[in-house]
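Listed below, chain by chain, are the residues.
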Amino acid sequence: MKIQQIRNATIRIECAGKHFLIDPWFQKKGTGMSAPSPDPERAKIPSPITELPFPVEQIMEGIDAMIVTHIHPDHFDPETAAMLDKSILVFAVNEETKTQIEGFGYTSVMVLKDEGTDFDGVVLIRTEAMHGESPDQAAGPVCGIILQAAEEPVLYVAGDTVYYKGVEQALEQYRPDVVVLNACGAELMGLGRLIMGDEDVLKVCEAAPDATIIASHMDAVNHATVSRAGLRDFLKKHGKDGRVLIPEDGECLEFSGT
């Protein structure tokens, strides 16, 4: 299994010979929206705040399917949707998102299922996620995903979620070998924290002591409150130095199966 950090929540996954792209966001640096961050200075900065590490054509090379955990400006936006081959298979979180993606012109869109979908030997399982600190403040429907395949590690991509009982249940039920967390602690004015921050990452370390944990969704959006450097310092202070992999954009990690 190979997991390549692209930018923000966009990652490439190679599993059992299949290549997946999760939450493609290909806007150029500084051309997207400025999220209403609680920090007035950061609120002025347009996202993404970094460029892509590679050209879009290189990122998309060999992709068999895309997985869209939700449609937000920093996960799958209309501009990115317009760049890509509309015949590529897309897995969506729910029927509403499927309809939106079809509205972008995509012709092969499937809804992820809680019971799993077998894609040429790779089973994709939708998991719960809560995009905010409470159901009342959640920023719309979103999901995580489990990838399972013979002789491959079990991968859990938690998606845009805080740490809550849904994440605990996924960790307990699927016992993933590798866990990807969106961990920049993004906050919106009036909504609070939307995804995991450093404390949440620490909780996952404790809940899944045998898993390899990867921090994604870092250093790319203006409403982030946790940086790669800050997360490293936090984990070191709590005795978890080296426990979490924090890849730079473009970095590829490789994992052996059982």
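Chains are numbered independently. Their residues run from 1 in the order of the written sequence. Restriction of local features to residues with pLDDT of at least 70 applies here, the model being predicted, together with a cutoff of 80 or more for giving and counting side-chain atom pairs; totals for whole chains, interfaces and linings are based on all residues. With hydrogens and water stripped out, all remaining heavy atoms of the structure feed into the side-chain values.

As recorded by an unreviewed UniProt entry, the chain carries the name MBL fold metallo-hydrolase and is attributed to Butyricicoccus intestinisimiae.

Participant: Summarise the overall build of the chain; cite the residues concerned and give the values.
Facilitator: By the criteria applied, helices consist of DSSP H or I runs no shorter than four residues and strands consist of E runs no shorter than two, each listed in order from the N terminus. Summing up its helical and strand segments, the chain has 6 helices and 16 strands in all. For the chain, the C-alpha radius of gyration of 17 Å lies close to 18 Å, the compact-globule estimate for 258 residues. Along the first, second and third principal axes, the C-alpha set of the chain runs to 45 × 40 × 35 Å. We call a residue buried when its accessible area falls under 20% of the maximum for its residue type, exposed when it is over 50%, and partly exposed in between, using a 1.4 Å probe and counting protein chains only. Evaluated residue by residue, the chain yields a buried proportion of 55% over its 258 residues. Whether two residues are in contact is decided by their heavy atoms, any of which lying within 4.5 Å being enough. Residue pairs in contact within the chain that sit at least 24 positions apart in sequence constitute 61% of those at least 6 positions apart. Only four residue types enter the charge count, namely Lys and Arg as positive and Asp and Glu as negative; His and the chain termini do not. For this purpose, a charge sits on NZ of Lys, CZ of Arg, CG of Asp or CD of Glu. On the chain, the mean spot of the 22 positive side-chain charges and the mean spot of the 41 negative ones are 3 Å from each other. Based on C-alpha atoms, the radius of gyration is set beside the globule rule, defined as 2.2 Å times the residue count to the power 0.38.

Participant: Outline the pairing of strand 4 (residues 65-68), listing residues and values.
Facilitator: Taking every second residue as pointing to the same face, both faces of strand 4 are buried, with Ala65 and Ile67 on one and Met66 and Val68 on the other. Across 3 bridges, strand 3 (residues 18-22) lies against strand 4 in parallel orientation. By the bridge assignment for strand 4, Phe20 is matched with Ala65. The pairing criterion for strands is at least two bridges between them, as found by DSSP. Pairing geometry for strand 4 and strand 5 (residues 89-92), over 4 bridges, is parallel.

Participant: So what about helix 5 (residues 198-207)? Which residues, and what values?
Facilitator: Three or more residues of helix 5 are buried, namely Asp200, Val201, Leu202, Val204 and Cys205. Structurally, helix 5 contributes buried residues whose contacts are with helix 4 (165-174), strand 11 (178-182), strand 13 (192-193), strand 14 (212-216), helix 6 (228-237) and strand 15 (244-245).

Participant: Describe the sheet that holds strand 16 (residues 252-254), with residues and values.
Facilitator: Strand order in the open sheet made by the 7 strands is 6-5-4-3-2-1-16, with mixed pairing throughout. Of all strands in the sheet, those with a lone pairing partner are strand 6 (109-111) and strand 16, marking the two edges. Across the sheet, the axes of successive neighbouring strands diverge by a mean angle of 20 degrees, strand direction being ignored. In the sheet, strand 1 (residues 2-7) pairs with strand 2 (residues 10-15) via 5 bridges, with the strands oriented antiparallel. Bridged to Gln5 within strand 2 is Ile11. For helices, the fitted axis covers only the stretch in contact; all axes are lines through C-alpha atoms, and the angles between them, taken along N-to-C directions, range from 0 to 180 degrees.

Participant: Residue-level account of the side chain of His223, with values.
Facilitator: By secondary structure assignment, the location of His223 is in the loop between strand 14 and helix 6. Dropping the residues within four chain positions of it, His223 is found in contact with Ala35, Ser37, Asp74, Gly185, Ala186, Glu187 and Leu188.

Participant: Got a sec to walk through helix 3 (residues 95-103)? Specific residues and values, please.
Facilitator: All of the buried residues along helix 3 are Thr97, Lys98 and Ile101. Axial view of helix 3: buried residues confined to an arc of 105 degrees, hence all on one face. Set apart from the buried face of helix 3 by more than 90 degrees, the exposed residues are Glu95, Glu96, Thr99 and Gly103. Looking at the buried residues of helix 3, the elements they touch are strand 4, strand 5 and strand 6. Directly beyond the C-terminal end of helix 3, a positive phi value near 105 degrees is found at Gly105. The arc in question is traced by the directions running from the helix axis to the C-beta atoms.

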